[in-house]
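Each chain is listed here by its residues.
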Number of protein chains: 2
Amino acid sequence: MTDCPLPLSSHDRILLGHGSGGRLTAELIERVFVRGFGGSVLARLEDQATVEAGGARIAFTTDSFVVRPLFFPGGDIGRLAVHGTVNDLAVGGALPRFLSAAFILEESLPLQDLSRIVASMREACAEAGVELVTGDTKVVDRGKGDRIFITTSGIGVVPAGRALSISAARAGDAVLVSGPIGDHGIAILSVREGLEFTTALVSDTMPLHDLCSVLLDHCPATRCMRDPTRGGLASALVELASASAVGVQIREEAIPVRPEVRAACDLFGLDPLHVACEGRIMAVVPAADAERALAALRSHPKGRQAAIIGKIVADDPGVVIMTSRLGTARPVGLLAGEQLPRIC
Amino acid sequence: MTDCPLPLSSHDRILLGHGSGGRLTAELIERVFVRGFGGSVLARLEDQATVEAGGARIAFTTDSFVVRPLFFPGGDIGRLAVHGTVNDLAVGGALPRFLSAAFILEESLPLQDLSRIVASMREACAEAGVELVTGDTKVVDRGKGDRIFITTSGIGVVPAGRALSISAARAGDAVLVSGPIGDHGIAILSVREGLEFTTALVSDTMPLHDLCSVLLDHCPATRCMRDPTRGGLASALVELASASAVGVQIREEAIPVRPEVRAACDLFGLDPLHVACEGRIMAVVPAADAERALAALRSHPKGRQAAIIGKIVADDPGVVIMTSRLGTARPVGLLAGEQLPRIC
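All of these numbers come straight from a predicted model, not from anything done at the bench.

Asks: Describe the interface of chain B and chain A, listing the residues and the values that go with them.
Replies: Between chain B and chain A, the residue contacts involve 82 residues of the former and 82 residues of the latter. Taking both sides of the interface into account, the surface hidden between chain B and chain A amounts to around 7,200 Å²; carbon and sulfur atoms contribute 68%. It is B:Ile14, B:Phe37 and B:Leu111 in chain B that bury the most area against chain A; as a group they hold 10% of the surface buried on that side. Along the contact surface separating chain B from chain A lie six salt bridges. Residues B:Arg342 and A:Asp141 are paired through a salt bridge, measuring 3.0 Å at the closest nitrogen-oxygen approach. Applying the counting criterion to the chain B and chain A interface returns 26 residue pairs in polar contact (both at pLDDT 80 or more). For the side of chain B that touches chain A, the elements supplying multiple residues, two or more each, are α1 (23-37), α2 (40-43), β1 (49-53), β2 (56-65), β5 (95-106), α4 (111-128), β6 (131-140) and β7 (148-157) of chain B. Looking at the side of chain B that touches chain A residue by residue, the class counts come to 38 nonpolar, 25 polar and 19 charged.

Asks: Which residues make up the environment of B:Ile148, and what values do they have?
Replies: Residue and element names in this part refer to chain B. With respect to the secondary-structure elements, Ile148 resides in strand β7. Among the residues examined, Ile148 registers a relative accessible area of 1% and is labelled buried. Through-space distance from the C-alpha of Ile148 to that of Gly78 is 10.0 Å; in sequence the pair is 70 residues apart. Each residue touching Ile148, except ones within four places of it in the same chain, is listed here: Leu70, Ile77, Phe103, Ile104, Leu105, Leu109, Leu114 and Ile117.

Asks: Got a sec to walk through the relation of the copies chain B and chain A? Specific residues and values, please.
Replies: In summary, the two copies of the chain are related to each other by a rotation about an axis coupled with a shift along it. Least-squares fitting of chain B to chain A yields an RMSD of 0.0 Å, with the superposition described by an axial translation of 0.0 Å and a rotation of 180°. When the rotation and shift are considered jointly, the pair of chain copies conforms to a two-fold rotation axis. Ranked by how close their C-alpha atoms come to the rotation axis, the residues of chain B are headed by B:Gly145, at 2.1 Å. Both copies contact each other with a shared surface, as 100% of the interface residues of chain B are interface residues in chain A too.

Asks: Would you mind going over unusual backbone geometry in detail, with residue names and values included?
Replies: Across the junction of A:Arg68 and A:Pro69, the peptide omega takes the value -5°, indicating a cis bond. Turning to its location among the elements, A:Pro69 is positioned in the loop between β2 (56-65) and β3 (71-72). Even without glycine at this site, B:Ala245 takes up a positive phi of about 55°.

Asks: Account for the pairing of strand β10 (residues 247-251) of chain B, with residues named and values stated.
Replies: Residue and element names in this part refer to chain B. Pairing geometry for β10 and strand β12 (residues 307-313), over four bridges, is antiparallel. The residue of β12 that forms the bridge with Gln249 is Lys311. Here β10 pairs with strand β13 (residues 320-323) via four bridges, running parallel. Note that in β13 the partner of Val248 across the bridge is Val320.

Asks: Lay out the side chain of B:His274 with the relevant residues and their values.
Replies: Residues and elements named next belong to chain B. Relative to the helices and strands, His274 resides in the loop between α8 (259-268) and β11 (282-285). The exposure class assigned to His274 is buried, which follows from its relative accessible area of 14%. A distance of 3.4 Å separates the side chain of His274 from the backbone nitrogen of Leu335, its partner in a polar contact. With residues near it in sequence (within four places) discarded, His274 still touches Gly231, Gly232, Ala234, Gly333, Leu334, Leu335 and Gln339.

Asks: Tell me about the sheet that holds strand β10 (residues 247-251) of chain A, and please be specific about residues and values.
Replies: Note: strands within a sheet are paired through backbone hydrogen bonds, in either parallel or antiparallel orientation. Residue and element names in this part refer to chain A. Here we have seven strands laid out as an open sheet, ordered β9-β11-β8-β12-β10-β13-β14, and mixed in their pairing. The sheet is open, and its two edges are formed by β9 (224-226) and β14 (329-332), each paired on a single side. Looking at each pair of strands side by side, their axes are set apart by 25° on average, direction ignored. The pairing of strand β8 (residues 174-177) with strand β12 (residues 307-313) spans four bridges and is antiparallel.

Asks: Pulling in residues and values, what's your account of the side chain of B:Thr137?
Replies: The residue B:Thr137 is located in strand β6 in this model. Relative accessible area serves as the criterion here: at 5%, B:Thr137 is assigned to the buried category. Apart from residues lying up to four places away in sequence, B:Thr137 is in contact with A:Leu28, A:Phe33, A:Arg230, B:Phe103 and B:Leu105.

Asks: Please provide a residue-by-residue account of helix α7 (residues 232-244) of chain A, values included.
Replies: All names here are of chain A. The terminal C-alpha atoms of α7, which comprises 13 residues, lie 19 Å apart, in line with the 18 Å expected from a rise of 1.5 Å per residue. For α7, a buried count of 11 out of 13 residues is recorded, marking the element as mostly surrounded by other parts of the structure. Buried within α7 are the following residues: Gly232, Leu233, Ala234, Ser235, Ala236, Leu237, Val238, Glu239, Leu240, Ala241 and Ser244.

Cut-off values and rules
Residues numbered from 1 in each chain as written. Chains lettered and ligands numbered in written order. Predicted model: local features only at pLDDT ≥ 70, side-chain atom pairs only at ≥ 80, totals over all residues. Heavy atoms only, no water. Contact = heavy atoms within 4.5 Å. Buried area = accessible area lost by both parts, 1.4 Å probe. Salt bridge = Lys/Arg side-chain N within 4 Å of Asp/Glu carboxyl O. Polar contact = N/O pair within 3.5 Å; in protein donor to acceptor, adjacent residues only side chain to side chain. Helix = DSSP H or I, 4+ residues; strand = E, 2+ residues; numbered from the N terminus. Nonpolar A, V, L, I, M, F, W, Y, C, P; charged D, E, K, R; others polar. Buried < 20%, exposed > 50% of the residue type's maximum accessible area, 1.4 Å probe, protein only. Least-squares fit on C-alpha atoms with pLDDT ≥ 70 in both. Pairing = 2+ DSSP bridges. Axes fitted to C-alpha atoms, helices over the stretch in contact; angles between N-to-C directions. Expected span 1.5 Å × (residues − 1).

Written out as structure tokens, the structure reads:
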């Protein structure tokens, strides 16, 4: 995941950038969590763990949500918390089934806000076909939290024979995305910065279980899927290149980006590749399946704007190269530092 | 769970007492979560959900940990987070297998504290025979968290034919506890208040999977088990009385309480029945099995001081009555308000 992590020094402290989904996050995961916990399943760094339990193949995943503001265009922390966990299961090829939710509430949070969030989670669960079956609530004193943090965990069932992995890409494979990137991140930014767009941009947060199923039905040989959330498409591609020990070549002009997202990125000096999505899939499929995969994604309302954005190559393992509209090539790296804290 | 919950008013806000495990927690769960989410599994209010997934019977549970201080006599937030989830699975009769951990870190947390906590979690997982297979990390800005919050979720396998439930108690059944109550709560209190005890009191936090197995092996007809954490033994007994629609009668002199816990409770005006344990089981077994269950618990190092503390009766369903050393009887209620915030 990272180049030569340093040993911990007594001066090391958590920075906001450790939550960015970029380079610092990767370092923290490698230095503290993977080394600290050991364990081969964790070290695979998939979006979900696939384990055997009671004779069943179970996918298991967890995510905490600390997004600010709690309510934003196109969603809220509750919807995001359900979608995030549903999607982490779905991109592993699992059928999402059961969710848990643990709430950390700050003293003085209005109960009406909590009820609104719970109602939103209920709707999101129904939409994704999952049942919330267990939960927990803790309360922290005023000033020791930030209104509400939600941690969702999920269980899914992995059909026999299905083995998607971020390590499975092979030279020649095609790389696709299911729609325009960066909508979620820029929607959050727009609320925080009080931007006004001509078109009202909303977060792309949505459950992707159905879109993932369509792709897998039409293209069972799919190597892997990821939902490019924190750290954006860049993080997903760099992790892919690293885990599969392959090169990734993408074409800038092929990557769908809404004009308003591009404009906001220009204004704030952001790279759309680093901006979070919450309703998109990045998928890798064998070259022979590329057009079929594209057609499958486009056949679904959630994948209408899907595109083939590049390919896997044997050269430069671990490296992602983007060819610009002008024909120049540049390496794509993990986000350095922090771009927009608490996006999810 | 609660008597006639009121509709939400716009003035209602989260209070520290909503996290106490007592009356306000029960109201919040009923008013906001059970009603808000619907769903029959959640409404059972067991410590874990038992679901069918891929042909297997899977137990699933989650808990957030916000304990202060992070390191305390006998444990730390990491051990507590592993034990809490392992125990919620074990008291449901499940064999704990896999854990997830989601970390919410406050900007500026020393990485050495994080590493120490991770090392402690790794040890606790090894001791409990579970593997931590997936995780997440978020970072919140300074002043919007409190160093570290950890949410663990867990998956266990429920053997065929096992169906423990807080609703399963019947008149005549015996009620047991596996050891002295209140050690965890008073250990935390002692650090916060700078108390010095003649005997160094330490938290009872420990994994109970082995003790639960011993009890179930010797007494397969066990009706239910609970680990009386927040809200103490009183909450576990009141929930039992309510869910099973039975009366519970306990004898004060039969309930093991360490002298230093009793002394601290006297000093601070606390009822030991409301003080949290993190390494005890409350169990209900058929009358005919009571002595066998007691012997089974006492045969294990973690249950040496187990005791039969009372019985289930048909009278006064929903009510818990304690007979004092002096022979007087008083009802045992849920903790009202907040006693000691952020105990776990």
